[in-house]
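Structural features, examined
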Amino acid sequence: GAGVSQSPSNKVTEKGKDVELRCDPISGHTALYWYRQSLGQGLEFLIYFQGNSAPDKSGLPSDRFSAERTGGSVSTLTIQRTQQEDSAVYLCASSLTGTGTEKLFFGSGTQLSVL
Amino acid sequence: AQSVTQLDSQVPVFEEAPVELRCNYSSSVSVYLFWYVQYPNQGLQLLLKYLSGSTLVKGINGFEAEFNKSQTSFHLRKPSVHISDTAEYFCAVIHFPNAGGTSYGKLTFGQGTILTVHP
């Protein structure tokens, strides 16, 4: 596609439920990132994929959070047993090769609301 | 810990006036510096970046920023703003090398500055 696509754009869930957030990166981009944007914490790095591997998952806040990437393309961020503090906008970004000098292309995000 | 401080959470300005959005970062051996912009209901877009070389970098939409190593600053400027510049602006840094000895797009962001341009 022309840009990074995220779905759903909005997700409302009840506390304790599991949610899956999807990211379709720009075709051919080997690097994929998840960030979280919340009122209290600002923009935070969650995880970095290079191909299907995640060499840096240091930003995942707890073991309730997991992510995978398949076929070097689509990525899914899963949050188990959601809590109210998980409410945030989850942003996905991709870049061509993953070097730090590259521009990151961001999606419009998934707004997650945990009631 | 690595950090980025954006000194102003909100900056109101009139159209055609100059603007400066301030950013300071925690010192490191080497850094890459970025400014991203987030327009309402849109994803983040790169405005400009400093990697090395000339300390004055120019970006899209008439924005520029100056890297000052001694002051660990990377302030964003525009000589004359337009209504369409109303957005949230984020300063970000990559400190490298990371633990793996390489650099990748692991950005540390500031808290953001909301620029509001009034007619």
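Given the structure is predicted, the values throughout are model-derived calculations rather than measurements. Counting starts from 1 at the beginning of each chain's written sequence and moves along it residue by residue. Labels are handed out in written order, letters beginning with A for the chains and numbers beginning with 1 for the ligands. For a predicted model such as this one, the threshold for reporting local features is a pLDDT of at least 70, and the threshold for listing and counting side-chain atom pairs is 80 or more; totals across whole chains, interfaces and linings nevertheless cover every residue. No hydrogens and no water enter the side-chain calculation; it runs on all heavy atoms of the structure.

**What about the interface of chain B and chain A?**
This is how it is decided: We call two residues in contact when some of their heavy atoms are within 4.5 Å. Note on definitions: buried area is the accessible-area loss of two parts on being combined, 1.4 Å probe, summed for both. Salt bridge, as used here, is a side-chain nitrogen of Lys or Arg placed within 4 Å of a carboxyl oxygen of Asp or Glu. In protein, a polar contact means a hydrogen-donor-capable atom and an acceptor-capable atom, both N or O and within 3.5 Å, with residues adjacent in sequence counting only if both atoms are side-chain atoms; elsewhere, any N or O pair within 3.5 Å suffices. Numbering of helices and strands starts at the N terminus; helices are DSSP runs of H or I of at least 4 residues and strands are runs of E of at least 2.
Opposite the 19 residues of chain B that make contact, chain A presents 21 residues. When chain B packs against chain A, close to 1600 Å² is buried across both sides, 57% of that on carbon and sulfur atoms. Among the residues chain B hides against chain A, the three largest losses belong to Leu44, Tyr104 and Lys106 of chain B. Together they make up 30% of the total. The tally of links from chain B across to chain A stands at 1 salt bridge. Across the pair aspartate 56 of chain A and lysine 106 of chain B runs a salt bridge, and its minimum N-O distance is 3.1 Å. Taken together, the links from chain B to chain A amount to 9 residue pairs in polar contact (both at pLDDT 80 or more). Mapped by element, the contributors of at least two residues to the side of chain B that touches chain A are β5 (30-38), β6 (44-50) and β10 (87-96) of chain B.

**A closer look at the packing of aromatic side chains**
So the rule is basically this: Whether two aromatic rings pair depends on their centres lying within 6.5 Å, for rings of Phe, Tyr and Trp, where Trp uses its six-membered ring; planes under 30 degrees apart make the pair stacked, over 60 edge-to-face, and the rest tilted. When accessible area is computed with a 1.4 Å probe and restricted to protein chains, residues below 20% of their type maximum are described as buried, those above 50% as exposed, and intermediate ones as partly exposed.
A complete count under the given rule lists 14 aromatic pairs over all chains for this structure. Ring geometry for phenylalanine 34 of chain B against tyrosine 36 of chain B: centres 6.3 Å apart, planes inclined by 35°, an arrangement best described as tilted. Judged on exposure class, the residue phenylalanine 34 of chain B and its partner tyrosine 36 of chain B are both buried. An aromatic cluster is present here, built from Tyr33, Tyr35, Phe45, Tyr48 and Phe106 of chain A together with Phe34, Tyr36, Phe90, Tyr104 and Phe109 of chain B joined pairwise through their rings.

**As for the pattern of salt bridges**
Two side chains of opposite charge can pair, provided their charged atoms sit close to one another. One pass over the structure, following the stated rule, counts 9 salt bridges over all chains. A salt bridge links arginine 64 of chain A to aspartate 86 of chain A; the shortest N-O distance between them is 2.8 Å. In this pair, arginine 64 of chain A sits in the loop between β6 (53-56) and β7 (65-69) while aspartate 86 of chain A sits in the loop between β8 (75-79) and β9 (88-95), placing the two residues 22 residues apart along the sequence. The pair arginine 64 of chain A / aspartate 86 of chain A is uniform in exposure class, with both members buried. Here the salt bridges do not stand alone but share partners, grouping Glu20, Glu66 and Arg77 of chain B into one network.

**As for unusual backbone geometry**
Residue proline 8 of chain A is reached from serine 7 of chain A by a cis peptide bond, and omega for that bond is -10°. Mapped onto the secondary structure, proline 8 of chain A falls in the loop between β1 (5-7) and β2 (10-13). In this model, asparagine 61 of chain B sits at a positive phi of 60°, which is unusual for a non-glycine residue. With respect to the element layout, asparagine 61 of chain B can be found in the loop between β7 (56-58) and β8 (64-68). Located in the positive-phi region is threonine 72 of chain B, a residue other than glycine, with phi close to 45°. Residue position: threonine 72 of chain B is located in the loop between β8 and β9 (73-78). For threonine 72 of chain B, a relative accessible area of 18% puts it in the buried group.

**Topic: the state of the cysteines**
Note the cut-off: A pair of cysteine sulfur atoms is labelled a disulfide when the two atoms are within 2.5 Å.
Under the criterion given, the structure shown has 2 disulfides over all chains. A sulfur-sulfur separation of 1.9 Å characterises the disulfide bridge that pairs cysteine 23 of chain A with cysteine 92 of chain A. A torsion of -65° about the S-S bond marks the disulfide between cysteine 23 of chain A and cysteine 92 of chain A as left-handed. Taken together, the residues span a long stretch of sequence, with cysteine 23 of chain A in strand β3 (residues 19-24) and cysteine 92 of chain A in strand β9 at a distance of 69 residues. The class of cysteine 92 of chain A is buried, set by a relative accessible area of 0%. Cysteine 23 of chain B shares a disulfide with cysteine 91 of chain B; S-S distance 1.9 Å. Between cysteine 23 of chain B and cysteine 91 of chain B, the S-S torsion sits near -65°, and that sign places the bridge as left-handed. Linking cysteine 23 of chain B in strand β4 (residues 23-25) with cysteine 91 of chain B in strand β10, this pair joins segments that are 68 residues apart in sequence.

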